[in-house]
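# Residue-level structure breakdown
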Amino acid sequence: MERKAILTAVFVSLAAALLATTFQSSGDANTVSFPESKADVTVEIADSPEEKRRGLMYREKLPIDQGMLFVYEDEDYRSFWMKNTLIPLDMIFIDSDGEIVTLHEAVPEPNTSDEDLTRYRSSEPAMYVLEVNSTFVEKNNIREGEKVILPSRFS
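Residues numbered from 1 in each chain as written. Predicted model: local features only at pLDDT ≥ 70, side-chain atom pairs only at ≥ 80, totals over all residues. Heavy atoms only, no water.

## Remarks on the confidence of the model for the protein
Mean pLDDT over the protein works out to 86, with 81% of the residues at or above the 70 mark. Note on residues 5-27: pLDDT under 50 across the span, and zero contacts to partners over four residues away in sequence or across chains. (pLDDT = per-residue confidence, 0-100. Contact = heavy atoms within 4.5 Å.)

## A look at the layout of surface pockets
Roughly 210 Å³ of volume is contained in the largest pocket. Only helix H2 (49-54), strand S3 (66-76) and strand S4 (79-80) provide two or more residues apiece to the lining of the largest pocket. Of all the elements, H2 adds the most residues to the lining of the largest pocket, at three residues. Looking at side-chain class alone, the lining of the largest pocket contains eight nonpolar, three polar and five charged residues. (1 Å grid on protein atoms, 1.4 Å probe; cavity = no way out; pocket = protein on both sides within 12 Å on 5 of 7 lines; lining within 4 Å. Points joined across faces, edges and corners; volume = space filled by probe spheres on them. Helix = DSSP H or I, 4+ residues; strand = E, 2+ residues; numbered from the N terminus. Nonpolar A, V, L, I, M, F, W, Y, C, P; charged D, E, K, R; others polar.)

## Some points on the pairing of strand S8 (residues 126-133)
With eight of its eight residues buried, S8 lies for the most part within the structure. Summarising the sheet, S3 and S8 pair through six bridges and their orientation is antiparallel. By the bridge assignment, Gly67 is partnered in S8 with Val132. Summarising the sheet, strand S5 (residues 89-94) and S8 pair through six bridges and their orientation is antiparallel. Paired with Leu89 across the bridge in S8 is Asn133. (Buried < 20%, exposed > 50% of the residue type's maximum accessible area, 1.4 Å probe, protein only. Pairing = 2+ DSSP bridges.)

And the structure:
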């Protein structure tokens, strides 16, 4: 009986440690903050070619405080489209210094050929693109020129 209690205690301790590690690593490490607007967004990171290609395709909803951060290795002019994207989005193009260089409201274009899809382009070179729910920029009064705080691994 005593051995069973010890094994149970060890198992519970290991499970608790594993859960704590899991929640710690997915906490504020994936947050983009807008200090001027006093807003935060929890983000999924798209940094592999496959994640960037898929983006937010086929999603039916996106909570107002969540988004996807596309991360590039260099700063360049960026162009996005809404291929197979079902929800309206705000696209926030951010340069390597963390400054917003371009904002776009992007709408789904179902049944549109690739050639006819609207291209949403940055007006200046960008290293990051943040896609959020279409109401986020307006509700939080986000503006071009505003600085953002990116997840620490990209700072």
